[in-house]
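Structural characterization, general
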Amino acid sequence: MLKPAWTKEEFEQQLRAKGAYYHIHHPFHKRMNAGHCSKEEIQGWVANRLYYQMAIPVKDAAILANCEDQEVRRTWIQRLIDHDGREGDTSLGGIEAWLRLGEAVGLNRDELLNEFHILPGVKFAVNAYVNFARRASWQEAACSSLTEMFAPEIHQSRLDTWPTHYTWINQEGFTYFQMRLGQARRDVEHGLQITLDHFVTRNQQERALNILQFKIDILWSIADAICFAYEYGRKPFDGIANQQVCHTGRF
Ligand SMILES: O=C(O)c1cc(C(=O)O)c2c(n1)C(=O)C(=O)c1cc(C(=O)O)[nH]c1-2
């Protein structure tokens, strides 16, 4: 029997219920916000997350390239500007703000930008997101960005806990988290509107939930890779070679 479609309100509720699996509940994130991470663990997380930051505007450019709706493009393009910044603009782009967070935790730009610390598992997870956005319809790719529904809470929890737990971090590094609070809420409003309008039958709505779970799995896998390497001390090729044998670049 064909299952009836959820109303928009019910569908939104189902999407929001996925927050139960958001990486805010990952043991590594819980440790980080409880103040139990070492300096090396914080540095490892910040260095690896830069790979995600760098990929976000590439992912959003892929969505723009696949989107034939001018109105949507006019709004979506703001996401690229948020992360890349604009020449001559005084407001900080997200990537630059993240690099400053890297410096605030004691890393230098060279080691951040030459991917010295990036784990293969993080690359695979992030690349899966970019590749999905390239191949999927723009509506499905927009749906995959909806983990941002849960992001303001995680950014806020860092702002609430890090300054007291990690007093060695230069406060200027927290600008990124502050910036994202408003940007993420605005992005979600748009992404949610696209998703609620596009996925209308019950089958389509269930597909949207599966796409959101795919993205949640990506974030969880990133945290797993970082946790394994830095909390459990099991970096790739440990005891066999230096991590620098790992492949470089994007495949
Ligand atoms: O720090 C976080 O936990 C976190 C998570 C996410 C997310 O849920 O995908 C994003 C961000 N931050 C973020 O800063 C950001 O700009 C962002 C963009 C997107 C996206 O999918 O387009 N997710 C996220």
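Predicted, not measured: the structure shown is a model, and the values here were computed from it.

1. Looking at the UniProt feature "domain: Thiaminase-2/PQQC" (unreviewed entry) in the chain
As annotated by UniProt and renumbered to match this structure, "domain: Thiaminase-2/PQQC" (unreviewed entry) occupies residues 13-223. The distance separating the terminal C-alpha atoms of residues 13-223 is 26 Å; by composition the span is 73% helix and 0% strand.

2. Considering the state of the cysteines
All told, the structure shown has zero disulfides when counted by the stated rule. Just so you know, Cys37 is unpaired, no disulfide at all, and the nearest cysteine sulfur is the one on Cys227, 8.8 Å from it. The exposure class assigned to Cys37 is buried, which follows from its relative accessible area of 7%. Of the cysteine sulfurs around Cys143, a residue in no disulfide, the closest is that of Cys67, at 15 Å.

3. Examining the site of the ligand
Around the ligand lies a shell of 18 residues, among which Tyr22, Tyr52, Lys59, Tyr129 and Tyr176 are the nearest. Within the side chain of His83, an N or O atom sits 3.2 Å from an oxygen atom of the ligand. The fraction of the free accessible surface of the ligand (470 Å²) that becomes covered by protein chains is 99%. For the shell around the ligand, the secondary structure elements donating two or more residues are helix 3 (39-66), helix 9 (151-165), helix 10 (175-198) and helix 11 (202-231). The element best represented in the shell around the ligand is helix 3, accounting for four residues. Of the residues contributing to the shell around the ligand, the split by class is seven nonpolar, five polar and six charged.

Thresholds, definitions, all that
Residues numbered from 1 in each chain as written. Predicted model: local features only at pLDDT ≥ 70, side-chain atom pairs only at ≥ 80, totals over all residues. Heavy atoms only, no water. UniProt positions renumbered as here; feature names shortened; annotations may be inferred. Helix = DSSP H or I, 4+ residues; strand = E, 2+ residues; numbered from the N terminus. Disulfide = S-S within 2.5 Å. Buried < 20%, exposed > 50% of the residue type's maximum accessible area, 1.4 Å probe, protein only. Near = heavy atom within 4 Å. Polar contact = N/O pair within 3.5 Å; in protein donor to acceptor, adjacent residues only side chain to side chain. Areas by Shrake-Rupley, 256 points an atom, 1.4 Å probe, with all protein chains shown as cover. Nonpolar A, V, L, I, M, F, W, Y, C, P; charged D, E, K, R; others polar.

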